[in-house]
Amino acid sequence: MEGVKSIILERKGEKDGFAERFGRVIPNGSLIFIEGKEGTGKSIFCQRFCYSLLKNNCSCSYVSTQFTIKSFLRQTASVGYDVRKFLMAGKLLFISTEVTLAETLPRKTFLEGLITGRKLFDPEIIFIDSISTLLKDSLNNENLTDLTSFFNRLTGCGKIIFITANPTEWPEEIHNTFRMITTIHFRTSRETAPGIGIVYNMYLEKFNGARFKYDPITRFSVRPGVGLIIESSGAAF
């Protein structure tokens, strides 16, 4: 299918069920916003999306404010999303802000550093996890348009951009702006279910231009060596 990227993932000859929950494909030129508080699963979903897209012959870049390259490779391998071979083959560009920015530049310059990082935006798909952590000291209402205009230019060229954000890390007005301009809006949540206890849910709040049906709510957990599990059906995804 032209104009889209598949998020279908097959392992051991079987589709894992993830794609059917989230629309099967992502249209080119999409901005995907994954929001949630700390510890609710934003990063594991980014890892899952990235792994499936790499497996489907896409090129990706991944900016992490949490992991170094060593810890990222360890983390993805531990949940069955091992990206080492894609990194070695040049299909994945990984950038750790802990290494490349934190030790050398003041945080107020991070927005400029992001926008001028040309190599980062060469691949077809870009992940920024998390943009609120990265830009909380440099993004404000005055320069927000610079960032959104930059993203619009990229998506206008067909790039797909995933960004994650914690709503408690930056101003509500900035957070709401990304909710409005995004093509696809996910929200992760840690909740208490009667008779069950703590559960984790992924809400698909918006999907502009969806080609196939999708589920608005998915309850999930994470299994070592397997990755994300859909709790309602018990299927790994």
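Relevant structure appears above.
Residues take numbers from 1 onward in each chain, read along the sequence in its written order. Totals for whole chains, interfaces and linings use every residue, but because this is a predicted model, local features are given only for residues with pLDDT of at least 70 and side-chain atom pairs only at 80 or more, for both listing and counting. Based on all heavy atoms of the structure, the side-chain values leave hydrogens and waters out of the count.

1. Regarding the environment of L73
Stage number 1. For helices the rule is a DSSP run of H or I covering at least 4 residues; for strands it is a run of E covering at least 2, with both sets numbered from the N terminus onward. Mapped onto the secondary structure, L73 falls in helix 3 (residues 69-78).
Stage number 2. Judged by relative accessible area, which is 9%, L73 ranks as buried.
Stage number 3. Taking the C-alpha atoms as reference points, L73 and F94, 21 residues apart in sequence, are found 10.0 Å from one another. Three exposure classes are used, based on accessible area relative to the maximum for each residue type with a 1.4 Å probe and protein chains only: buried under 20%, partly exposed in between, and exposed over 50%.

2. A closer look at the state of the cysteines
One covalent bond between the sulfur atoms of two cysteine residues makes up a disulfide.
Stage number 1. Note on terminology: pairs of cysteine sulfur atoms within 2.5 Å are recorded as disulfides. Under the counting rule described, the total for this entry stands at zero disulfides.
Stage number 2. Here C46 is not cross-linked by a disulfide; its sulfur's nearest cysteine counterpart is in C50, at 8.4 Å.
Stage number 3. Under the relative-accessibility criterion, C46 is labelled buried at 0%.
Stage number 4. No disulfide involves C157; its sulfur sits 17 Å from the nearest other cysteine sulfur, which is in C58.

3. A short note on the packing of aromatic side chains
Stage number 1. Classification of ring pairs rests on two measures: the distance between centres of Phe, Tyr or Trp rings, Trp counted by its six-membered ring, which must be within 6.5 Å, and the angle between planes, read as stacked under 30 degrees, edge-to-face over 60 and tilted in between. Overall, the coordinates contain 19 aromatic pairs when judged by the stated rule.
Stage number 2. Measuring from centroid to centroid gives 4.4 Å for F72 and F94, while their planes differ by 25 degrees, and the two rings are stacked. A residue pair is termed long-range when its members are at least 10 positions apart, and F72 in helix 3 and F94 in strand 7 (residues 92-96) qualify at 22 residues. Summarising the burial analysis for this pair, F72 and F94 share the class buried.
Stage number 3. For a lysine, the NZ atom is tested; for an arginine, the CZ atom; a charge sits over a ring if that atom is within 6 Å of the ring centre and within 35 degrees of the ring normal. The ring centre of F212 lies 3.9 Å from the NZ or CZ of R24, which sits over that ring.

4. Description of the pairing of strand 10 (residues 184-193)
Stage number 1. A pair of strands is labelled paired if DSSP reports no fewer than 2 bridges between them. In terms of strand pairing, strand 5 (residues 31-35) meets strand 10 through four bridges, oriented parallel. Looking across to strand 10, one finds that E35 is bridged to R187.
Stage number 2. Where strand 10 lies against strand 11 (residues 197-207), 10 bridges are found, and the strand directions are antiparallel. Bridged to R190 within strand 11 is Y200.
Stage number 3. Hairpin connection between strand 10 and strand 11: a loop of three residues separates the two successive antiparallel strands, and G195 in this loop has a positive phi of roughly 80 degrees.

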